[in-house]
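# Overview (structure and organization)
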Amino acid sequence: MNANDYDIAIVGAGVAGLNAAITAARHGARTIVIDMLGAGGQVINVDRIDNFPGPSEGMSGFELGPMLQMQADDAGVEFALDTIDTLSKTESGFRIAGADLDLTAGTVIVAAGSAKRALGIPGEAEFEGRGVSHCASCDGPLMRGRQVCIVGGGDSALDEALALIPHASHVTVIHRGPRLKASAALQAKAREASNIEIRLETVVEAIRGGDGVTALAVRDLSTGLTSEIPCHGVFIYVGLEPNTAFLGDAVALAADGRIVVDLDMQTSVPGIFAAGDIRARSVAHLAASAGDGVTAAISAVRYLEERKGNSKQPAPHHAAASAR
């Protein structure tokens with residue numbers, strides 16, 4: 001095996017990818033994790049994590065990510081920072097090529113996660129970094145004493161709304177549906193907060209401002225009336241888009257663009273596995289992603305063992321048929 005040959009290559013260093021790496025390495029597989037951001041993935045920006053086993057008071061993403069990386073380092077996992085351009089089949093496994101790296105692996109676990117979905121409205125791109133943000137724990141202190149808006153109604157949206165409580169004077173949560181999608185516990189905390197207001201059946205049509213954000217143009221879906229909400233910061237959490245573009249048509253995808261897998265996390269291509277919220281029917285919780293990673297790693301190790309065992313089997317002897 002040369003320096004660029006691995007048993008298992010894992011694309012993505014989030015919770016799913018790191019748990020897969022730890023498990024694979026502990027089973028004796030030479031393992032590499034490739035990610036363009038580094039250990040932890042998007043979870044590194046989360047101020048408080050409640051949907052992962054651990055301390056009752058929760059933990060932050062910048063605690064969880066490095067903790068998992070340390071475990072992976074101790075297990076012997078190798079890491080590479082790069083973006084993946086292509087994943088292709090070879091005679092012995094798979095080739096992964098990126099901007100800088102070019103390696104082969106017997107199996108691949110795709111745990112590249114998802115990217116935050118954009119609203120696609122006027123002003124969103126214009127004010128990115130000047131009032132439009134996707135990380136309340138990062139930019140919350142910049143909003144001290146100001147009015148801010150959260151767009152979205154799931155766990156991530158309410159997590160970030162709660163993270164803004166100590167900083168913002170007023171937080172408006174805007175959700176297009178008739179009810180929030182977040183867990184009951186998060187909804188209860190948000191409704192108890194004196195400076196959080198929740199506006200349902202409302203859509204954001206534009207982000208307005210000058211040097212920075214000054215207001216949101218919104219429309220009430222129940223009445224059709226439009227209005228403006230004054231604010232200085234907009235934090236957008238309206239769902240996720242799976243990071244599957246680099247795969248092309250290499251594996252089968254579901255209608256929502258996520259990777260189709262079986263119970264072993266096996267994709268439509270033998271030897272390629274998927275884990276975390278990039279796979280179809282994921283519940284998109286960290287604890288579930290961790291379990292996906294472990295399952296994918298064990299399945300990948302078994303796949304390698306089966307291939308090795310088959311390669312050692314002698315070719316079957318076929319006696320020549322005699323003419324009678």
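Reference entry: report on the structure contained in this document. (Residues numbered from 1 in each chain as written. Predicted model: local features only at pLDDT ≥ 70, side-chain atom pairs only at ≥ 80, totals over all residues. Heavy atoms only, no water.)

### Side note on the environment of alanine 24
As a reminder, the rule being used: Every helix listed is a DSSP run of H or I at least four residues long, and every strand listed is a run of E at least two residues long, numbered separately from the N terminus. For this analysis, residues touch if any pair of their heavy atoms sits within 4.5 Å.
With respect to the helices and strands, alanine 24 occurs in helix H1 (residues 15-26). In this structure alanine 24 touches Ile8, Ala29, Thr31, Ala297 and Val301, once residues within four positions along its chain are discounted.

### Re the nonpolar core
Rules: Only buried Ala, Val, Leu, Ile, Met, Phe, Trp, Tyr and Cys residues count toward a nonpolar core, and they belong to the same one when joined by side-chain atoms within 4.5 Å. Any residue under 20% of the maximum accessible area for its type is buried, any over 50% is exposed, and the rest in between are partly exposed; the area is computed with a 1.4 Å probe on protein chains only.
Judged by nonpolar contacts, the single largest core of 31 residues is most densely connected at Ile8, Ile10 and Ile109. Setting aside residues up to four positions removed in sequence, isoleucine 10 forms contacts with Gly17, Ala20, Ala21, Thr31, Ile32, Val33, Ile34 and Ile109.

### Notes on the side chain of asparagine 19
Its place among the elements puts asparagine 19 in helix H1. The contacts of asparagine 19, once residues within four sequence positions are left out, are Leu68, Ala290, Gly293 and Val294.

### Thoughts on the sheet that holds strand E14 (residues 226-230)
Operational definition: When DSSP finds two or more bridges between two strands, those strands count as paired. Axis definition: a line fitted to C-alpha atoms, over the contacting stretch in the case of helices. Angles run 0 to 180 degrees between N-to-C directions.
With antiparallel pairing, the 3 strands of this open sheet are ordered in space as E12-E13-E14. Because the sheet does not close on itself, it has two edges, and the strands there are strand E12 (202-209) and E14. Direction aside, the axes of adjacent strands within the sheet are offset by 30° on average. Sheet analysis places strand E13 (residues 213-220) next to E14, joined by 5 bridges and oriented antiparallel. By the bridge assignment, valine 218 is partnered in E14 with serine 227.

### Quick notes on unusual backbone geometry
Positive phi values are uncommon outside glycine, yet glutamate 201 reaches one of about 50°. Assignment of secondary structure puts glutamate 201 in the loop between strand E11 (196-199) and E12. Residue classification places glutamate 201 among the partly exposed positions, given a relative accessible area of 33%. The backbone of arginine 281 shows a phi angle near 65°, a positive value even though the residue is not glycine. Take arginine 281: it is sitting in the loop between strand E17 (272-274) and helix H6 (286-312). The class of arginine 281 is exposed, set by a relative accessible area of 78%.

### Concerning the pattern of salt bridges
Stated precisely, the cut-off is as follows: The salt bridge criterion pairs a side-chain nitrogen of Lys or Arg with a carboxyl oxygen of Asp or Glu, the two atoms within 4 Å.
Summed over the entire model, instances satisfying the criterion amount to 7 salt bridges. Measuring nitrogen to oxygen at the nearest pair gives 2.5 Å for the salt bridge that ties aspartate 102 to arginine 95. With relative accessibility at 38%, the residue aspartate 102 sits in the partly exposed group. The salt bridge partner of arginine 279 is aspartate 292, with a shortest N-O separation of 2.6 Å. You can see arginine 279 sitting in the loop between E17 and H6 and its partner aspartate 292 sitting in helix H6, a full 13 residues away along the chain. A relative accessible area of 6% places aspartate 292 in the buried class.

### Topic: helix H4 (residues 155-164)
Owing to its 3.6 residues per turn, the α-helix brings residues three or four apart onto one side. Where burial is concerned, most of H4 is hidden: 7 out of the 10 residues are buried. Among the residues of H4, those classed as buried are Ala157, Leu158, Glu160, Ala161, Leu162, Ala163 and Leu164. Contact partners of the buried residues in H4: helix H3 (136-139), strand E9 (147-151), strand E10 (170-174), helix H5 (184-192), E11 and strand E15 (233-236).

### Topic: the packing of aromatic side chains
One pair of aromatic rings is described through two measures. These are the centre distance and the angle between the planes. For clarity, the threshold we go by: Under the pairing criterion, centres of Phe, Tyr and Trp rings, with the six-membered ring standing for Trp, must be within 6.5 Å; the plane angle then separates stacked pairs below 30 degrees from edge-to-face pairs above 60, leaving the rest tilted. We count a charge as sitting over a ring when the NZ of a lysine or the CZ of an arginine lies within 6 Å of the ring centre and within 35 degrees of the ring normal.
Tallying each qualifying case throughout the model produces 1 aromatic pair. Judged by centre distance (6.3 Å) and plane angle (75°), the rings of phenylalanine 273 and tyrosine 303 are edge-to-face. In this pair, phenylalanine 273 sits in strand E17 while tyrosine 303 sits in helix H6, placing the two residues 30 residues apart along the sequence. For phenylalanine 273, a relative accessible area of 2% corresponds to the buried category. If you follow arginine 30 out to its NZ or CZ, it ends over the ring of tyrosine 6, 4.1 Å from the centre. The side chain of lysine 89 reaches across the aromatic face of phenylalanine 94, ending 5.0 Å from its centre.

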